[in-house]
Amino acid sequence: MASEKWLLSRASPRNSTANERSRLTATWLNVVAAGIITTGGVSPLMTGILSASPAPLWLLLAASSACLSLGVLLHVFARGMVGRLRP
């Protein structure tokens, strides 16, 4: 028990700072991913569906797919950052 307290007190400031930076970076990446998915993935599809003269379907699908893929990739990367946090 005493050795655990010594270990935590010795390693905690550096690890907690690094963990907090990783959490903040992961949160920021997740927000960026959500923005890319919303703006680039959903918005063109809704515009294409609701517009009187929509863009070609292949163009809408290509743009939406690219943005959805980038958003998911950023989200997965952010999850990986959180998974590597040190105790």
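Refer to the structure above for everything that follows.
Given the structure is predicted, the values throughout are model-derived calculations rather than measurements.

What counts as what
- Residues numbered from 1 in each chain as written.
- Predicted model: local features only at pLDDT ≥ 70, side-chain atom pairs only at ≥ 80, totals over all residues.
- Heavy atoms only, no water.
- Helix = DSSP H or I, 4+ residues; strand = E, 2+ residues; numbered from the N terminus.
- Buried < 20%, exposed > 50% of the residue type's maximum accessible area, 1.4 Å probe, protein only.
- Contact = heavy atoms within 4.5 Å.
- Areas by Shrake-Rupley, 256 points an atom, 1.4 Å probe, with all protein chains shown as cover.
- Salt bridge = Lys/Arg side-chain N within 4 Å of Asp/Glu carboxyl O.
- Patch = residues over 30% accessible without salt bridge, like charges linked within 9 Å, V, L, I, M, F, W, Y side chains within 5 Å.
- Core = buried A, V, L, I, M, F, W, Y, C linked by side-chain atoms within 4.5 Å.
- Expected span 1.5 Å × (residues − 1).
- Polar contact = N/O pair within 3.5 Å; in protein donor to acceptor, adjacent residues only side chain to side chain.

Here the focus is the overall build of the protein. Within the protein one finds two helices and zero strands. Here the protein holds 87 residues, and 17% of them are scored as buried. Within the protein, residue pairs in contact and separated by at least 24 positions form 79% of the contacts whose partners lie at least 6 positions apart. When the accessible area of the protein is evaluated, it comes to approximately 6500 Å², of which 69% is carbon and sulfur surface.

The next thing to look at is the pattern of salt bridges. Per the counting criterion, the structure on display carries one salt bridge. R23 is the partner of E20 in a salt bridge, and the nearest nitrogen-oxygen pair spans 3.4 Å. With E20 and R23 both in helix α1 (residues 2-50), this residue pair falls three residues apart, about one helical turn. Its relative accessible area of 39% is what places R23 among the partly exposed residues.

Judged by side-chain polarity, V42, L45, M46, I49, L50, L57 and L61 come together as a nonpolar surface patch covering roughly 680 Å² of accessible area. For the nonpolar patch, the secondary-structure elements that each account for two or more residues are α1 and α2 (57-83). Among the elements that line the nonpolar patch, the one with the most residues is α1, at five residues. Residue position: L45 is located in helix α1.

Below, the discussion takes up the nonpolar core. Judged by nonpolar contacts, A26, L29, A33, L74, A78 and M81 together constitute the single largest core of six residues. Dropping the residues within four chain positions of it, L74 is found in contact with L29, V32, A33 and I36.

Since the α-helix turns once every 3.6 residues, residues separated by three or four places project in the same direction. With 27 residues, α2 extends 38 Å from end C-alpha to end C-alpha; this agrees with the ideal 39 Å at 1.5 Å per step. Those residues of α2 that sit buried are L60, S64, G71, L74, A78 and M81.

Here S64 is to be found in helix α2. By relative accessible area, which is 2% here, S64 ends up buried. There is a polar contact of 3.0 Å between the side chain of S64 and the backbone oxygen of G41. Contact partners of S64, with chain neighbours within four places excluded, come to G40, G41, P44 and L45.

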